[in-house]
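Tertiary structure, described
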Amino acid sequence: MKRLLIDLTDIEGWQGHHGGTQRVVYGIAKQLFLNNGKEFQVEFIAFSAEKNLFYTTSFEPIMTRAESQEAGSIQQSSPPLTASMKSQVKQFLRTYVPETVRKNPRVRSTAKSTLTIGMNVARKARHGMGKLRSSMVVSLAHEPIVFTENDIVLILGKPWDNPIMERVLVSAKTATGFKLVQVIYDLIIPFYPQLHHPSLYKTYTQYIFEAIDGSDLLLPISKCTEKDLARFAKTLNLKLPKTKVIRLADEVESGTSGNGKPDSRIDNKFIACIGTIEIRKNHTLLYYTYKLAEQQGIELPQLVIVGSRGWLSGDFQYLVEHDPAMKNKIILLDNINDAGLSWVYANCMFSVYPSFYEGWGLPVAETLANGKVCIASNASSIPEIFGDNIDYFSPYDANACLDLIIKYLDPVKLEQKEAKLKQLYQPTSWTDTYNTVARCIEDL
Amino acid sequence: MKSKKTILVLTTYPLKNPQHGGQKRTDAIVNAYRSSNFIVKNCAVFYKGFYSSYGEDDVPLSASSEQLIRQSPLTGDIVCGEAIIKDPKVKRKITELLTNFRPDIIHIEQPFPYLGLKPLLAELQLSPKLIFGSQNIEAPMKRDILEGAHVAKEQIAEAVKIIDDIEAELTNDSELVAACTVEDLKAHAKLKARKLVLAPNGIAKVETNEQSTQHWQKIFADLGVTKTALFIGSAHPPNWTGFLDMVGKGLGFVPPDARLVLAGSICDYFEREISSDSLTIEDATFWLRAYSAGRLSEPRLGALIKQSDVIILPITEGGGSNLKTAEAILANKKVVATTHALRSFEWFKDFPNVWIADTKQKFIESIATALKTPLVERTQEQAKQTEKVLWKNCLADLITEVKSL
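All names here are of chain B. If you walk across this open sheet you meet the six strands as β10-β9-β8-β11-β12-β13, and the pairing is parallel. The sheet terminates laterally at β10 (290-294) and β13 (354-356), the two strands that pair on one side only. Direction aside, neighbouring strands of the sheet carry axes that sit 20° apart on average. The pairing of strand β12 (residues 334-337) with β13 spans three bridges and is parallel. Within β13, the residue paired with A337 across the bridge is I356.

Next up, the structure:
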């Protein structure tokens, strides 16, 4: 039986709820853990950034932690700021910001918005430090892994977070000859630098280069990503290894959908848009769509945008938060936990997804898995999710987006569409995803 | 009556610390004349902005001529040639040299110095025998370079006409034309050269030392590199365009434990033009598989050549024969080259360890194959044939002809 080594660097020591990539790592690793010994002898590893080596680790504590969080009641996705931190910030402002400035509503508003982002960053940084401390403790306690020729190493997460990791991996592979398998999420940064902050360009592009050059099998999460991989390889004269598209799970966690509205501002009838607020997700199109409706005298339901505040989206946030006509018409919710997110999926009229480019488009799949209609951008991988059964618009066309929103304001049309998708859409479970991954690895 | 003939060698670049091909060739010719019992002086009319070290007979341009070069650096050789008659300081120095040294023969390396020398000789009523040391057919090459730099069409036409005319005049006025390749010989024959001799480019034996060898061993060991393909080039624009045309910036064909090593002043181009911080996938990944060794001393370069597995010659334009090709032949390494790179060394293409490739795809595939293919030993006959590339053998016919002038 082959030894299969699963990298858990992304989730080992993580204390909060899992984000997108972490959910994939956890979801597949859990299935491999539960099926250990059937097809593979599964062992778990993680990378120590301090020692530049991989070490053995265990999955049980991660699963125990994740399940206790699932079972628990509403919990913030990141730890909240403590009362003492808040009072320290207020004290600082009273001391250092002149009263004339503090009492100017415009300045107060801008400062508040900036501070909110700053506090989010601080909170995440504090959380990250916790993770780092935890990982240091773990890495000191575990044995370095000794790779052998017969091993298969499976990387499910984000090795680009630590550029040394990919190098150590490729060099260990060159030395021992083990087989390397990696999940590839997208090539948006290399091919669409305008949609991302430039700081990651070099690291991410170099990671994709080494992943193609060093892997025996790549598992892109969509045909679109698979095509982008081929384009990248061809442009740079790389030999593309075998690729096999895997479909990520979109199954709904049971028992979490009815646990209460996550924000009192949410109307009874609302349209949802889920995904990090960043330039790539093209939320600005939704603002234009709503302004277009306003101009044409069309009353639209409230738009609830759920997602943490990412980069290069300041202009959009400013527009929404300072346009009196959009007050409570478009609301932005960050720091929503899994239960809150489930509530939004379960209670929205339908969702809208205007993204410029995706590796897959999980919020679209999750909307469908929740039995709700999604109208979406026709870009990149999104049409792979449910083919012709989704109504698409161009991510550059606010008129087309508005037309589709208006179409599904008609309760009859919405109901018919919902009934059809409930009949046709087959949600993907983590077991399904695991089975695809396991078959691919078996064939190596 | 003088017992030994005197030869003045005129260039538009000094020969001190020769770096680029033109300097190395002319330096070898001067040394060959000297060792054949001629009394030789070499003089360069040159721009100090391009060359910082020079000899006692070399004449830097005055400020007014320098200004012309700064305005149009790619036609600097024309400015240097014309300065012999137009730049008063240069004219005075060259006049002193001609009247004091009284050369029996003036060897003009490349046609440019003749632009000013011809009217000056007429003015001084001197008529030494002339040898035209041709390195290329210059006019079409200059056209390519200027077009590549997007110079205005009128300026290109003017420069090309000046060079075309002076190449023809010097070919006609010379007792002997020495050309690098058979093709160049034919071109000069069409221009009605009186006497022609083939003097292909050659190479001196690689000199190196243990310290330099250890230097590279350590660098590549630290990088985890076990194989290297070497590209040596000067900052001559065709070297850069040749690399882009035949190799390009997508280096995914280079294995993780290998590097494409760049050496010579061509590295300035690479370092300036390819930044891993720029937002293109080629630039962001280029330096993962390339290594810039920079400008190197002879022992360092020698050690780098000795250590390399493959030498690449992505040469796509230019006349003349190539010093880098001769270097590669003498180095006894695996070689990946264009057909163009083997001009005058056509016999080498049947040697073992040689891959000829004239398309980008074939060229990069050949590099990848060469990196993983073991080196085949040359036969004794082939090893002997290799010595043809040494300067003393390349210039033997030229010396014989000059002695008979």
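We now examine the environment of E282(B). Here E282(B) is to be found in helix α12 (residues 281-289). Residue E282(B) is classed as partly exposed on the basis of its C-beta count, with 17 C-beta atoms lying within 10 Å. Setting aside chain neighbours within four positions, we find E282(B) in contact with L236(A), K249(B) and G250(B).

All names here are of chain B. Taken as a whole, chain B is organised into domain 1 (6-202 + 391-403) and domain 2 (210-389). Using only C-alpha atoms to locate each centre, domain 1 and domain 2 end up separated by 30 Å. Facing 21 residues of domain 1, the contacting portion of domain 2 comprises 18 residues. The element that contributes the greatest number of residues to the side of domain 1 that touches domain 2 is helix α6 (residues 138-148), accounting for four residues. The residue makeup of the side of domain 1 that touches domain 2, split by class, is six nonpolar, 10 polar and five charged.

Before going further, it helps to examine the pairing of strand β10 (residues 330-333) of chain A. Residue and element names in this part refer to chain A. Summarising the sheet, strand β9 (residues 302-306) and β10 pair through four bridges and their orientation is parallel. By the bridge assignment for β10, V304 is matched with I331. Considered for its hand, the β-α-β crossover made up of β9, helix α11 (residues 314-322) and β10 is right-handed.

Looking now at the nonpolar core. Among the nonpolar cores identified, the biggest contains 109 residues, and L230(B), A263(B), L304(B), V310(B), I312(B), V336(B) and I367(B) are the most heavily contacted of them. Lining this core are residues from two domains, each supplying at least three of them: domain 1 (6-202 + 391-403) and domain 2 (210-389) of chain B. Formed by 108 residues, the second largest nonpolar core is a distinct cluster that contains L169(A), A272(A), I385(A) and I281(B).

This part is about the sheet that holds strand β7 (residues 242-243) of chain A. Residue and element names in this part refer to chain A. With mixed pairing, seven strands are arranged side by side in an open sheet as β3-β2-β1-β4-β5-β6-β7. The strands lining the two open edges of the sheet, one partner per strand, are β3 (53-57) and β7. In the sheet, strand β6 (residues 217-220) pairs with β7 via two bridges, with the strands oriented parallel. Note that in β7 the partner of L218 across the bridge is T243. Along the sheet face, helix α17 (residues 430-442) touches β1 (3-7), β4 (151-155), β5 (179-184) and β6 and points at about 160° away from the line of β6.

It is worth spelling out unusual backbone geometry at this point. Residue and element names in this part refer to chain B. The residue Q125 is not glycine, and still its phi comes out positive at about 55°. For H150, which is not glycine, the phi torsion reads 60° and is therefore positive. Relative to the helices and strands, H150 is located in the loop between α6 and α7 (153-173). Note on H150: 7 C-beta atoms within 10 Å, which makes it exposed.

Bringing the environment of C180(B) into the picture now. Relative to the helices and strands, C180(B) is located in the loop between β6 (176-179) and α8 (182-190). Separated by 34 residues in the primary sequence, C180(B) and Q214(B) have C-alpha atoms spaced 36 Å apart.

About the thresholds
Residues numbered from 1 in each chain as written. Chains lettered and ligands numbered in written order. Predicted model: local features only at pLDDT ≥ 70, side-chain atom pairs only at ≥ 80, totals over all residues. Pairing = 2+ DSSP bridges. Helix = DSSP H or I, 4+ residues; strand = E, 2+ residues; numbered from the N terminus. Axes fitted to C-alpha atoms, helices over the stretch in contact; angles between N-to-C directions. Buried ≥ 20, exposed ≤ 12 C-beta atoms within 10 Å, placed from the backbone. Contact = placed C-beta atoms within 7 Å. Domains from an automatic or database assignment. Nonpolar A, V, L, I, M, F, W, Y, C, P; charged D, E, K, R; others polar. Right-handed = clockwise from strand over helix to strand, strands pointing away. Core = buried A, V, L, I, M, F, W, Y, C linked by C-beta atoms within 7 Å.

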